Amino acid sequence: MIFLFASCESEYTRLVKRELEKEQRLDSVLFDINFGDPRPRFYQRCLELNRQQLVTQGPSNSSVQYVFQDSLFHSKPTPVRILFYPDFDDEDKLTAMNIEFSYMAWAPWNRELQSDYLEPKVVKMIETWYKGNEFIETEVRGEKLKVKVDANRRILIYIKDTQSVVVKVQDLLHPQFKHSISS
């Protein structure tokens, strides 16, 4: 009976259980921004990054923009835009970071700069940023996405549209994500 139950669990569910059993916390998210940071600390950190000329405001002032050139993303260095903005809980503590990758020179007719070409490169980059387990592919509500879980930190990657690849970094120990631990 136990064997039958264990074989019914998805690879993802087994991974999450194994990682949460470690009782380790990984709170680092991006640019020295961490899970649990209060909203004012996030804004202060972004102000510091802006003063260092590392980030600017994103489109419509609704995100933070970071632009870099990296040959990992293209045969020749090509500017890549990262837009990011966190989710906060009712106590104004950071629980997740939403990050969107796209090529600055994206155009519908430029096939090499489409999101399906960008996605495997984003996966590779995220694996270098966040050491630990590799990504696995899973399906949620009929959508295929890549997921990586290291301790309490879950990272989801999926294609948003022809231009953008979305990365979500979430704290699985926060109550808002408890319902999404099994698939």
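Note that residues are indexed from 1 along each chain, following the sequence as it is written. Per-residue local features are limited, in this predicted model, to residues with pLDDT of at least 70; the limit for side-chain atom pairs, both in listing and counting, is 80 or more; totals at the level of whole chains, interfaces and linings are taken over all residues. Each side-chain value is worked out from all heavy atoms of the structure, with water and hydrogens disregarded.

Draft legend 1. Layout of helix H2 (residues 11–21). Taken residue by residue, H2 has Tyr 12, Thr 13, Leu 15, Val 16 and Glu 19 as its buried positions. Taken down its axis, H2 places every buried residue within 160 degrees of arc, on the same side. Where H2 is buried, its residues meet strand S7 (136–140), strand S8 (143–150) and strand S9 (153–159). Taken from the residues just after H2, Glu 23 is the one with a positive phi, measuring 55 degrees. Only protein chains enter the accessibility calculation, which uses a 1.4 Å probe; a residue whose area is less than 20% of its type maximum is buried, one above 50% is exposed, and one in between is partly exposed. A helix here means a DSSP run of H or I that spans at least four residues, while a strand means a run of E at least two residues long, and both kinds are numbered starting from the N terminus. Each direction from the helix axis to a C-beta atom contributes to the arc, which is the arc of those directions. It only takes one pair of heavy atoms within 4.5 Å for two residues to be counted as in contact.

Draft legend 2. Seen up close, the confidence of the model for the chain. Per-residue confidence for the chain gives a mean pLDDT of 86, with 89% of residues at or over 70. Across residues 1–7 the pLDDT falls below 50, and counting only partners more than four positions away or on other chains, this stretch makes one contact in the model. Known as pLDDT, the predictor's confidence for each residue is given on a scale from 0 to 100.

Draft legend 3. Unusual backbone geometry, seen in detail. Notably, Gln 53 is not glycine yet its phi reads approximately 60 degrees, a positive angle. Along the chain, Gln 53 falls in the loop between helix H3 (39–51) and strand S3 (56–57). Among the residues examined, Gln 53 registers a relative accessible area of 73% and is labelled exposed. Even without being glycine, Ser 60 reaches a positive phi, approximately 60 degrees. As for its position among the elements, Ser 60 is in the loop between S3 and strand S4 (64–70). Its relative accessible area of 73% is what places Ser 60 among the exposed residues.

Draft legend 4. Structural detail: the packing of aromatic side chains. The pairing test for Phe, Tyr and Trp rings, Trp by its six-membered ring, is centres within 6.5 Å, and the orientation test on the planes gives stacked under 30 degrees, edge-to-face over 60, and tilted for anything in between. Summed over all chains, the structure comprises seven aromatic pairs. Between Phe 42 and Tyr 85, the ring centres sit 5.7 Å apart and the planes meet at 85 degrees, which makes this aromatic pair edge-to-face. Taken together, the residues span a long stretch of sequence, with Phe 42 in helix H3 and Tyr 85 in strand S5 (residues 78–88) at a distance of 43 residues. On the accessibility criterion, Phe 42 (1% relative accessible area) is buried. What links up through ring pairs into an aromatic cluster is the set Phe 31, Tyr 66, Phe 68 and Phe 84.

Draft legend 5. Region of interest: the environment of Val 149. Looking at where Val 149 falls in the secondary structure, it is placed in strand S8. Take Val 149: its relative accessible area is 0%, and that puts it in the buried class. Separated by 137 residues in the primary sequence, Val 149 and Tyr 12 place their C-alpha atoms 8.7 Å from one another.

Draft legend 6. Broad picture of the pairing of strand S6 (residues 94–103). Where burial is concerned, most of S6 is hidden: eight out of the 10 residues are buried. Here, strands pair whenever DSSP counts at least two bridges between them. Where S5 and S6 come together, nine bridges link them in antiparallel fashion. Across the sheet, Pro 86 pairs through a bridge with Met 97, a residue of S6. Between S5 and S6, which pair antiparallel and follow one another directly, the connecting turn spans five residues, one of which, Asp 92, has a positive phi of 60 degrees. Where S6 meets strand S10 (residues 165–171), six bridges bridge the pair, whose relative direction is antiparallel. What sits directly across from Ile 99, in S10, is Val 167.

Draft legend 7. Main features of the nonpolar core. Grouped together as the largest cluster of nonpolar side chains are 33 residues, with contacts concentrated most on Phe 84 and Phe 101. Those elements that provide at least two residues to this core are strand S1 (28–30), H3, S4, S5, S6, helix H4 (115–129), S9 and S10. Within this scheme, the nonpolar core is defined by two criteria: the residues are buried Ala, Val, Leu, Ile, Met, Phe, Trp, Tyr or Cys, and they are joined through side-chain atoms within 4.5 Å.

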